[in-house]
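# Chain and residue survey
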Amino acid sequence: MKKINVKFTLNGEPIEMEVAPNHTALRVIREELDLTGAKEGCGAGECGACTIIVDGLAVNSCLMLAPELDGKNVLTVEGLAKDGKLTDVQQAFIDHVALQCGYCTPGFIMSTTALLEENKKPTREEIEIALSGNLCRCTGYKRIIEAVEDVVAKRGGR
Amino acid sequence: MTVDGKYTAIGKYLPRVDGVAKVTGAAKYAGDINMPRMLYADVVRSPYPHAKILKIDTSEAEKLPGVKNVITGDYYAKRGGLYLADKNFLAHKTAKYRGEAVVAVCAETPEIAHEACKIVKVDYEELPAVLSPMDALKPDAPLVHPELETYRVAPIFHPVPGTNISHKHFLKKGDTEAAFKKCDKIVEHEYYVPHVQHCPIETHTATVKFDQSGNLTVWASCQSPYAVRNALSDSFDIPLHKIQIISEFVGGGFGAKAGTTIEGIIIPLAKLNPGRPVKFTYSREEEFRDAYVRQGMLARIKTGVDKTGKILAVENNFYWDGGAYNEYGVNIAKAAGFAGAGPYNIENVTTNSYCLYTNHPVGGPYRGFGMCEIHFCIEQNLDVVAGEIGISPVEIRRINGLRPGDKTGMGEVMQVSGYQPCLETVLKELNYDATPKKVGDHKIRCMGIAAGWKSPSQPTDAGSSSIIRMNEDGTLYVHTSAEEIGQGSNTALTQIAAEVLNVNPSRITLKSGDTNMNPYEWQTVASRTTYCAGNAVKLAAEDLRNKIFNLAQMKFGYPARDMYLERDDENNCTWVVASKYHKNLRADIKTFALGMPLEDGSGIGGPAIGVGTFTLPNNMAYNAADSQSEKGVAFWTIGCTGVEIEIDTQTGHVKVLQMISCFDPGKVINTELYAAQVEGAMIQSLGTALYEAMILKDGKLMNGSFLDYKIPTAYELPERLESYVCEFAEETGPFGARGIGEPAMVPGAPAIANAIANALGTRFDRMPITPDMIMEAINNKNK
Amino acid sequence: MREFEYVAPKTVKEAINILASYKEKATVLAGGTDVVVRLRDEIIDPEFVVDIKHIDELKGIKFDKKEGLFVGALATMHEIQNDKNVKEFYPYYADACGHVGSKQVRNKATSVGNLCTASPLGDSLTPMFCLDAVVVIEGPKGKREVPVREFITFVRKTVLERDELVLGVKMPYVEGLKGIYTKNARRHEVDLSNIVATICKVGDEYRIAYGSVAPTPIRLVKTEEFLKGKSIDDKVIEEAKGILESEIAPISDLRATKEYRVLVSKSILENSLKALN
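The paragraphs below set out a description of the structure included in this document. Keep in mind that this is a model prediction, so the values were computed, not measured.

### Considerations on the overall build of chain A
Scanning chain A from N- to C-terminus turns up five helices and five strands. Starting at the N terminus and ending at the C terminus, chain A contains elements arranged as β-β-α-β-β-β-α-α-α-α. A compact globule built from 158 residues should have a C-alpha radius of gyration of about 15 Å, and chain A, at 16 Å, falls within 12% of that. Along the first, second and third principal axes, the C-alpha atoms of chain A reach 50 × 30 × 25 Å. Here chain A holds 158 residues, and the buried ones make up 66% of them. For chain A, contacts bridging at least 24 residues in sequence account for 54% of all contacts bridging at least 6. The average position of the 18 basic charges and that of the 23 acidic charges among the side chains of chain A differ by 3 Å.

Right, here's the structure in full:
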């Protein structure tokens, strides 16, 4: 099996590396680049714990083969906070107790971050639909939705 | 607490102490650990529900390049188990459920391990299988554990050798037989609750490593590091001080990670490869089938009332589908056995609760520990009885719900009981009205309620401990082995320490999840952590405070008796104050961090460390003959849930519009975390009521993935999801607190079932109540 | 996941050459939301994975009233769902693409991929069936066009040869056509349909396509024939439901019983007919 050379941007930094085609982007990011914020919860695109942002869109990194990273602009949860300052989405998840065990949290934060880039003023239903690819077993979702709505409000969306 | 008795940290909202780590990806879970020279394990699993293992040929697999070892059940010949030693980490001689691990492999990559598993040849002889609890009880049923009589068992459990009964729990209060004769109405019903899965988003994972000196380190996603340590020590004859369990962050537990399975499978592999870490992570499919599942249960409930609605007698028969190994499941049958009366004042109660071996996936603890299952039946039967004598579900609960001074089914006197105020709060907040309302052409809205209770099911002498160390700057380390599994224990325990020591919580770091660094904790289960670990932390903080006061006596020349601590956030410190009469006689608490310097240059006291150890006070064993006890459990947490649902009569879909709960958790430690626990529990109960069931066909799990096992998403969030609280202090709880995590899930599913029954006039005796069931009922009515 | 070679051709020609030389050893990768899961589960075990995402010719969505809509093989559900022309002229198709999987899946999955997967319950397929969409295929011998109803032959079976590539799908523009898409599943979001349907009206004619009621999505031609020219009232709806029942053959499985599927199919027909009139 031939390894594939990929060049991409990860959290603002250029990366060039050789990847095994049968590894997922998730595995490469976690095991070779040691960014373990994205998690594997199902490996089949059902739970969203592995959500990262690729060229501005939230995707399941477990459904992306590592060679598909080539040429992409990739953002993981580790790339959000700058100089120790959390993004408004991250802060809202803390302020609203929108997390418990925290395992799904990076995925939710990435989905939310991408959603609010695409739709500045999502309705509650639009938020629920956009986040329904992220499963959380702890919180019951109420506080997650409230955290997202709070970010929308504070950004002046509503 | 302030000098005038006001709490500074308790009963307030403190943001989660683990929040930043969790929103930045900094939190390292067990599966996030990658080490150089790591090996990867995988297992060969049985394709039969019950089979004798005749021959295992590992030769081809061993030849595969990159394979290190291929081992069989012979490496795991010693049986172990928490309460009943019936389990081997790898099947030994027979495989008892479809999916049981039979051969373990480790290799240089997960792919090689996986390929190796596929070329191991196992010859089986299929044996007749037991595929339901009622089949398990038949006299001619095949035996899942023919050697049951030789198993080591905790004395409170009663397996019946020669049968599939791993435990029969019997409770008798009063005389049900005589009481039923006096009843005006008796309702007897059968209900069924299927197996369900916990579905923590993090699947089970463990990495283990032996160093050359024989020390074993285990990184595990586990709820109870000390219990894991104990199980591994017992099974592999390793002394406890040679085993370190590390489990800092856990991606959800709900009971699934209370036991020891995955860790045990890889230990012999790691032993064969000293110095090399061996990692094993369950796929989601394995998580569904091979981690603990919530046991299925069939219930026969007989409820007898007089014409006023007073319950005179209850008889329960619970048949638990415990699966292939019941080492933990027996305790669930026990918990159901002693809680079977529900939170009601009933003079005459008989309960038989059977834990049964079947050739199904292994049952184990799941949030509620039997209570969700039995209340699905109890609370529906109560509505049925009420209907039969023409009173409302509310009235029957007002008449019978436990009040202070009433006796439980175990015969304990309830010192406090929040039942009635919780019920009234829910009725008021929901504006309860159980009349079905038509909305448009195809929708019906209706309400329903249910109550529930739960106590911790734990050894009556279960222990907890904590150590608090002060640093030179007055900041603190609080050490416990309560496991932060999302419930917020690190935050709540920080608040307890902060309260006693009047320290700003930001000056505390809580350390947990490492048996080498932190002191003993029995388990993080049973909604016992705030109560048990909380008491230990409180005692440790008090010990530290008392030691400081003792030293300060010398410094101030006044007795410790009147001293108090004063939190000073402005100066980011805490003052030790001599007394309210000598407020200016004070010293920064950090003065005492390394002991106290004396005038002649010497010192006294040494570094400041507080120690707290806690054992349940007066939690006594129940009488074996009838399960009666003056104080059989640590506490009961009681509450009520009410819902409004909307049924689409064209598709059978049920939408929960409002879901409201009120519980009595004693004194709430953290207001928002209390609410967050209750909300999460409600949605989990909603999932079981409407969506979730493991579909088992001939022992095979048909829907073992998120593709076909659906749990609620954000879309299922009711328009209104709210929690309320009635705080009646627990006498022996830290600041009056008792547990909430599990009890909060108990009444949700029956409340939804009752609302559906109120809407349609049809009662469903099993969950989940799916659209096809509802459409069938509607269709039958229209005929 | 087992080992394979990864190739990423830049042109259709190059891709076809690769497919022609590897044949059944190759699997085409577009969005990957189905293929990667099948690789993971070892349902497929290709020697070569041919990633077509670098082929610019396959990108995009084109529309004019004369030619209709052309959905390129790489157009994602997300792009289709948000395309101005699709939203205006094929709103039920936008709706269908918006109901596939999760947001993350829609950001990657393609409608043409959904078509090539050929599942009886493919969420974005019933609009294609209603519009008699045409599948544009290229192979070593050149291009060919196949009507969608002939393209899918059975559960996960199509007429596509191993050395052929679908370039896109043509969906004619029909003046005055109105359509309604309905999906029914156990869970509202991120679930497989247990019934999926698109029902269209143009003039006094109806086009009715259902998924999850037969081995492939189907058009209910008898029901369409019956409804043609009729004014819709309760009696006609009841009769139409009866004919619908004779045309569908759903099965009972994990996701729903046969009886349930029949009931819901009828409700969808009733609701759609009422809404279209």
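### Things to note about the overall build of chain B
Scanning chain B from N- to C-terminus turns up 17 helices and 31 strands. For 783 residues, the compact-globule estimate of 2.2 N^0.38 gives 28 Å, and the C-alpha radius of gyration of chain B, at 27 Å, lies within 12% of that figure. In terms of overall dimensions, chain B has a C-alpha envelope of 95 × 75 × 55 Å along the principal axes. Counting only residues that meet the buried cut, chain B has 65% of its 783 residues in that class. Mean positive and mean negative side-chain charge positions of chain B (79 and 90 charges, respectively) differ by 1 Å.

### Digging into the interface of chain A and chain B
Listed by partner, the interface residues are 47 residues for chain A and 53 residues for chain B. Across the chain A-chain B interface, the total number found is nine salt bridges. For A:R30, the salt bridge is made with B:D32, and the minimal N-O distance between the two is 2.9 Å. Summed over the shared surface of chain A and chain B, the number is 26 residue pairs in polar contact (both at pLDDT 80 or more). Listed by contribution, the elements that provide at least two residues to the side of chain A that touches chain B are α1 (25–32), α2 (88–95), α3 (105–118), α4 (124–130) and α5 (142–154) of chain A.

### Quick word on the side chain of C:T110
Residue and element names in this part refer to chain C. Checked against the element boundaries, T110 lands in the loop between α6 (103–106) and α7 (111–117). Assessed through its relative accessible area of 5%, T110 is described here as buried. Here G113 takes part through its backbone nitrogen, which lies 2.9 Å from a polar atom of the side chain of T110. Leave out the neighbours within four places in its chain, and T110 touches A30, G31, A73, L74, A75, T76 and M77.

### Some words on the sheet that holds strand β15 (residues 348–357) of chain B
All names here are of chain B. Overall, mixed pairing links the five strands, which are arranged β7-β15-β14-β13-β8 in an open sheet. Across the chains shown, the open sheet's two edge strands, defined by having one partner strand only, are β7 (165–173) and β8 (185–193). Here the average twist between neighbouring strands, direction ignored, is 5°. Pairing analysis gives eight bridges linking β7 to β15, with the strands arranged antiparallel. Counterpart to I165 in the pairing with β15 is L356. The strands touched by helix α9 (residues 329–339) are β7, β14 (311–323) and β15; relative to β7, the strand with the most contacts, the crossing angle is about 15°.

How each quantity is defined
Residues numbered from 1 in each chain as written. Chains lettered and ligands numbered in written order. Predicted model: local features only at pLDDT ≥ 70, side-chain atom pairs only at ≥ 80, totals over all residues. Heavy atoms only, no water. Helix = DSSP H or I, 4+ residues; strand = E, 2+ residues; numbered from the N terminus. Rg over C-alpha atoms; globule rule 2.2 N^0.38 Å. Buried < 20%, exposed > 50% of the residue type's maximum accessible area, 1.4 Å probe, protein only. Contact = heavy atoms within 4.5 Å. Lys, Arg positive; Asp, Glu negative; His and termini not counted. Charge placed at Lys NZ, Arg CZ, Asp CG, Glu CD. Salt bridge = Lys/Arg side-chain N within 4 Å of Asp/Glu carboxyl O. Polar contact = N/O pair within 3.5 Å; in protein donor to acceptor, adjacent residues only side chain to side chain. Pairing = 2+ DSSP bridges. Axes fitted to C-alpha atoms, helices over the stretch in contact; angles between N-to-C directions.

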